[in-house]
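# Architecture and fold: a report
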Amino acid sequence: MKINTPDALDRLRKKAADNLVPLTVHIDLTFRCNEKCVHCYIPKVDVSSELTTRRWMNVLDELAELGTLFMTFSGGEIFLREDIFDILDYSMKKRFSTSIYTNGILLDEIKIARLLKTRPRQVGISIYSMDTAVHDAITGVGGSLKRSMNAMKLLNVAGINVVIKTILMKSNWRGVGEIQKWVSSMGRGAVHQYDMIVSPRHEGFRNEDELNLGHGEKIEFLCMRNSNMEEKERSEGMELKSVKRRLNVAPCSAGRNGAYIGPSGDVQPCIEWLIKCGNVRGSSFKDSWMSAGMDEARAFRIRDLNGCSRCADLQNCQICPGLNKLDTGSALIPSMLSCNRTRAVSEYFKIKIGKQKNG
């Protein structure tokens with residue numbers, strides 16, 4: 001089966017879900033980081049709890065046997081692990097299609113030449129602004145913009161696909177157009193993704209209200225982005241595409257054909273859906289994959305959400321049970337963060353349709 005087209009990928013995902021195959025697995029190798037981002041959701045943990053190189057290799061062996069094809073390695077900052085290239089080499093050996101998320105601060109020509117040998121499908125780096133003061137204030141590290149941009153240039157020159165990721169916040173959203181222009185200058189090997197929601201922190205401390213855009217700012221951004229958008233640019237969410245919703249379907253792939261494993265081995269349906277399904281430190285991934293927690297995620301349907309089936313904006317909603325649970329304490333209760341974004345997207349569509357009717 002060819003898997004290089006959206007339709008083929010959709011068929012592959014459906015087949016994986018129907019047969020309980022963990023097609024896509026996201027692994028956070030460490031929560032250690034050399035940045036101190038104001039919006040970071042990651043909890044503080046004991047570094048000594050991180051799984052060893054050998055244990056991660058055993059996990060990759062099992063995932064390959066279970067049919068996993070797409071692997072994402074992230075953190076924290078994964079290049080703080082001294083064994084990172086051992087793990088990436090092993091991922092290549094197991095023939096995963098591997099994506100890597102990093103801030104790029106530690107990447108230089110020598111490391112990128114080494115990284116090239118692991119054949120990553122793409123490398124994602126977060127850029128919050130082309131304004132040094134704005135970006136570095138968000139990361140909490142002076143000089144971080146310069147070093148991250150240099151890493152992206154070197155990756156691009158090396159022929160490694162680069163994904164520039166931007167979380168929109170009150171301090172940076174007006175400058176996203178400059179990021180898009182810079183991405184376009186790098187050619188076909190670079191794309192830009194954005195997210196309109198700052199998620200609640202996993203450890204309970206909340207600061208997303210002071211960071212997230214207001215209603216008018218979201219609409220203004222969507223209108224601005226649409227007018228400046230290049231064909232190759234993609235949004236990480238569904239802000240610019242309406243999806244026909246059926247109430248009897250699952251809202252996402254979490255637990256159905258995708259899973260998450262944290263640095264200490266905890267397994268969850270996804271990075272945000274905090275249902276502990278097991279741990280790969282002393283047991284198999286399959287035990288976690290077939291657990292009651294995963295069954296809970298698999299059973300979830302859009303119709304189960306409180307009030308959503310009657311919502312006029314449901315067709316434009318990017319439903320996330322994990323975000324719901326983080327924000328409200330229950331996957332069944334819609335997060336206002338998600339609802340507010342959906343209302344902005346729906347209003348944007350009305351504005352867009354009105355302009356088209358008026359010529």
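Model, not experiment: these values are computed from the prediction.

Here the focus is helix 5 (residues 132-139). Buried within helix 5 we find H135, D136, I138 and T139. Seen along its axis, helix 5 keeps its buried residues to an arc of 155°; they face one direction. Set apart from the buried face of helix 5 by more than 90 degrees, the exposed residues are A133 and A137. Taken together, the buried residues of helix 5 touch strand 4 (122-126) and helix 6 (144-157). Backbone nitrogen of A133 and a side-chain oxygen of the N-cap are separated by 2.9 Å at the start of helix 5; the cap is D131. Directly beyond the C-terminal end of helix 5, a positive phi value near 75° is found at G140.

Of all six residues in strand 6 (residues 190-195), five are buried, a share of seventy percent or more. Here strand 5 (residues 162-167) pairs with strand 6 via six bridges, running parallel. By the bridge assignment, V162 is partnered in strand 6 with A190. As a crossover connection, the stretch from strand 5 through helix 7 (residues 176-185) into strand 6 is right-handed.

Turning our eyes to something else, we now look at the side chain of N324. Considering the arrangement of structural elements, one finds N324 in helix 12 (residues 321-328). Among the residues examined, N324 registers a relative accessible area of 4% and is labelled buried. Once you skip the residues sitting within four places of it in the chain, N324 turns out to touch L305, G329, S330, A331, I333, P334 and S335.

Turning to the sheet that holds strand 8 (residues 266-268), a few remarks are in order. If you trace the nine strands from one edge of the open sheet to the other, you get 6-5-4-3-2-1-7-8-9, paired in mixed fashion. In this open sheet, the two strands that pair with only one neighbour each are strand 6 and strand 9 (278-279). As judged from the five bridges shared by strand 1 (residues 24-28) and strand 2 (residues 70-74), these two strands associate in the parallel manner. Within the sheet, the bridge partner assigned to T24 lies in strand 2 and is F70. Sheet strands in contact with helix 3 (residues 84-93) are strand 2 and strand 3 (97-101), and its direction is about 175° off that of strand 2. Together, strand 4, strand 5 and strand 6 form the strand contacts of helix 6, whose direction differs from that of strand 4 by roughly 160°.

The rules behind these values
- Residues numbered from 1 in each chain as written.
- Predicted model: local features only at pLDDT ≥ 70, side-chain atom pairs only at ≥ 80, totals over all residues.
- Heavy atoms only, no water.
- Buried < 20%, exposed > 50% of the residue type's maximum accessible area, 1.4 Å probe, protein only.
- Helix = DSSP H or I, 4+ residues; strand = E, 2+ residues; numbered from the N terminus.
- Arc of directions from axis to C-beta.
- Contact = heavy atoms within 4.5 Å.
- Polar contact = N/O pair within 3.5 Å; in protein donor to acceptor, adjacent residues only side chain to side chain.
- Pairing = 2+ DSSP bridges.
- Right-handed = clockwise from strand over helix to strand, strands pointing away.
- Axes fitted to C-alpha atoms, helices over the stretch in contact; angles between N-to-C directions.

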